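What follows is each chain in one-letter form.
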Amino acid sequence: MNSPEPVQSRIVIASRESRLALWQAEHVRGCLMELYPRSRIEILGMTTRGDQILDRPLSAIGGKGLFIKELEVAIQEGRADLAVHSMKDLPMEMPAGFTLAAISARENPCDAFVSNRFAGLDELPAQAVVGTSSLRRAAILRAGYPQLVIRSLRGNLDTRLRKLDAGEYDAIVLAAAGLIRLGLAARIRSILTPEQSLPAPGQGILGIEAASGRADIMALLEPLNDSESAHCVRAERAFSRALGGSCQVPLAAYALLDRGHLWLRGFIATPDGKQMIAGEQYGAPEDGESIGYLLAQRLREQGAEVILEKLASGQ
């Protein structure tokens, strides 16, 4: 890679301290070391409120923004230059003063079925307990498998696997990307296709956040940006944003490039899975924001507004 040497000799990456988050930060560190071998690139490990509060569903304690606030404070205070996140963990509205400086190439975007006793969802007996931390996954499971018991599952990836191994759950559903990145692909019993379980916006993609005023850092990170993933995630996040997407909204959005066009699929559902409005939209890859917005508008016209009103009133 031929790139100009960075302005500063030291670059600090803020990261959560979970094993997966540190893998992600190390991955970005390795890419930067290859680009800028004369720079000292360090990782600042941090514990966030989202990591500390494990006894309640994420939707009940403030959402995924709890995983990034401390990292953003470190950037604001000059203790770090950038932060690495799973894109699906980033709130749909970036806070003032921050920007997505680079978007990585996508790992497997799908959900993974993990169990020590069963090979897939269709093998699970009635009343089998399935764990997930995601309202989206819970709604999909309740809609397709009403005979199963769906229970909240919090904690980092290793904690979730330990709870499965301890017999607290018959199966759990996780993002395939995290398992693959940590060398745990052997734990996957089956991959759920997008038709079975449409992914969350940004699933499988890493986002690198920086202060919007740091043009020097954004220039350094530009070579890490993957244009295909960027087009797709912009459409997914625009769709989610237009429907008020958050941890309190069971919502999916998945885009891919198909024969030169961007193909976006999305849905919004009630938490019990009894109501689900889904649709798809095609367009030019560079029009991702518009595609996401148009699909959200179509779903509103088909009844998504009723679901949003129910969610807002706590029904």
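Scroll up for the structure.
Report follows, based on the coordinates. This structure is a prediction, so every number in the text was calculated from the model and none was measured.

### Focus on the overall build of the protein
In terms of helices and strands, the protein carries nine helices and 13 strands. Computed over the C-alpha atoms, the radius of gyration of the protein is 19 Å, within 12% of the 20 Å expected from 2.2 N^0.38 for a compact globule of 315 residues. If one aligns the C-alpha atoms of the protein with their principal axes, the spans along those axes are about 60 × 45 × 40 Å. Contacts in the protein between residues far apart in sequence, at least 24 positions, make up 70% of those at least 6 positions apart. Counting only carbon and sulfur atoms, one obtains 49% of the accessible surface of the protein, whose full area is about 13800 Å². Positive and negative side-chain charges in the protein, numbering 35 and 37 respectively, have mean positions lying 5 Å apart.

### A closer look at helix α4 (residues 135-144)
Along α4, the positions that sit buried rather than exposed are R136, R137, A138, A139, I140 and L141. Its side-chain oxygen placed 3.1 Å from the backbone nitrogen of R136, S134 serves as the N-cap of α4.

### Considering the side chain of S115
Of note, S115 is situated in the loop between β5 (111-114) and β6 (129-132). In terms of polar contacts, S115 uses its side chain to reach the backbone amide nitrogen of R117, at 3.1 Å. One polar contact links the side chain of S115 to the main-chain amide nitrogen of F118, over a distance of 3.1 Å.

### A short note on the pattern of salt bridges
As enumerated under the stated definition, the model contains 17 salt bridges in all. Across the pair E42 and R10 runs a salt bridge, and its minimum N-O distance is 3.0 Å. On the criterion of sequence distance, the pair formed by E42 in strand β2 (residues 40-46) and R10 in strand β1 (residues 10-16) is long-range, its members being 32 residues apart. Taking relative accessible area as the criterion, E42 reaches 26% and is therefore assigned partly exposed. The salt bridge involving D81 is made with R214; its shortest N-O contact spans 3.2 Å. Of this pair, D81 sits in the loop between α3 (69-76) and β3 (82-86) while R214 is found in the loop between β10 (206-211) and α7 (215-221), placing the two residues 133 residues apart along the sequence.

### Concerning the environment of L220
Mapped onto the fold, L220 is located in helix α7. Measuring from C-alpha to C-alpha, the distance between L220 and A101 comes to 9.2 Å, with 119 residues separating the pair along the chain.

### Side note on unusual backbone geometry
Phi is positive for Q127, close to 75°, though the residue is something other than glycine. The class of Q127 is exposed, set by a relative accessible area of 57%. Backbone geometry at R259 places phi at a positive 50°, although glycine is not the residue there. Within the fold, R259 resides in the loop between β11 (251-258) and β12 (261-269).

### Notes on the sheet that holds β6
Sheets are built from strands paired through backbone hydrogen bonds, the pairs being either parallel or antiparallel. Judged by pairing direction, the sheet is mixed, and its five strands sit side by side in the order β7-β6-β8-β5-β9 without closing on themselves. Two strands lie at the open edges of the sheet, namely β7 (149-152) and β9 (190-192), each paired on one side alone. Neighbour to neighbour, the strand axes of the sheet diverge by 30° on average, direction disregarded. Bridge count between β6 and β7: four bridges; the pairing is parallel.

### Some thoughts on the layout of surface pockets
Within this model, the second largest pocket holds a volume of roughly 190 Å³. If you trace the second largest pocket, you find 13 residues lining it, with H27, C31, S104, A105 and L206 closest to the centre. Taken together, the elements giving at least two residues each to the lining of the second largest pocket come down to α1 (19-35), β4 (98-103) and β10. Per-element accounting of the lining of the second largest pocket gives the leading share, four residues, to α1. When the residues that make up the lining of the second largest pocket are grouped by side-chain class, the tally is nine nonpolar, two polar and two charged.

### Some points on the pairing of β2
Both β1 and β2 contribute to a ladder of seven bridges, which runs parallel. Residue pairing for β2: R10 is matched across the bridge by R40. Where the polypeptide runs from β1 across α1 and back to β2, its parallel neighbour, the crossover connection is right-handed.

### Quick look at the sheet that holds β2
Strands sit in the order β2-β1-β3-β10-β4 across an open sheet of five strands; the sheet is mixed. In the strand order of this sheet, the two ends are held by β2 and β4, each with one partner. Sheet twist, expressed as the average angle between the axes of neighbouring strands with direction ignored, equals 30°. Summarising the sheet, β4 and β10 pair through five bridges and their orientation is antiparallel. Directly across from F98, in β10, lies its bridge partner A211. Seen against the sheet, α1 touches β1, β2, β3 and β10 and runs at an angle of roughly 160° to β1.

Cut-offs used in this document
Every chain's residues receive numbers from 1 upward, in the order its sequence appears when written. Under the rules for a predicted model, residues below a pLDDT of 70 receive no local features and side-chain atom pairs below 80 are neither given nor counted, while totals for whole chains, interfaces and linings still include all residues. Calculated side-chain values reflect all of the structure's heavy atoms, with hydrogen atoms and water omitted. Where helices and strands are cited, they refer to DSSP runs of H or I of at least four residues and of E of at least two residues respectively, numbered from the N terminus. Put simply, the radius of gyration uses C-alpha atoms, and a globule should come to 2.2 Å times the residue count raised to 0.38. Two residues form a contact once any of their heavy atoms are found within 4.5 Å. Residue burial considers only the protein chains on display, and all accessible areas are found by Shrake-Rupley using a 1.4 Å probe. Residues scored as positive are Lys and Arg, those scored as negative are Asp and Glu, and His as well as the terminal groups of each chain are ignored. Charge positions are represented by NZ for Lys, CZ for Arg, CG for Asp and CD for Glu. Relative accessibility under 20% of the residue-type maximum defines a buried residue, over 50% an exposed one, and the middle range a partly exposed one, all with a 1.4 Å probe and only protein chains included. Think of a polar contact as two N or O atoms within 3.5 Å of one another; within protein, one of them needs to be a possible hydrogen donor and the other a possible acceptor, and neighboring residues in sequence only count if both atoms come from side chains. The working definition used for a salt bridge is a side-chain nitrogen of Lys or Arg within 4 Å of a carboxyl oxygen of Asp or Glu. For two strands to count as paired, DSSP must find a minimum of two bridges between them. Structural elements are reduced to axes, namely lines fitted to C-alpha atoms, with helices fitted over the stretch in contact, and the angle between N-to-C directions of any two is expressed from 0 to 180 degrees. Cavity: a set of points on a 1 Å grid over the protein atoms alone where a 1.4 Å probe fits but cannot get out. Pocket: an open set with protein on both sides within 12 Å along at least five of seven lines, its lining residues, like those of a cavity, having an atom within 4 Å of a point. Grid points are joined across faces, edges and corners, and a volume is the space filled by probe spheres set on the points. Asp, Glu, Lys and Arg are counted as charged, while Ala, Val, Leu, Ile, Met, Phe, Trp, Tyr, Cys and Pro are counted as nonpolar; the rest, among them Gly, fall into the polar class. With the strands pointing away from the viewer, any crossover whose connection runs clockwise from the first strand over the helix to the second is right-handed.

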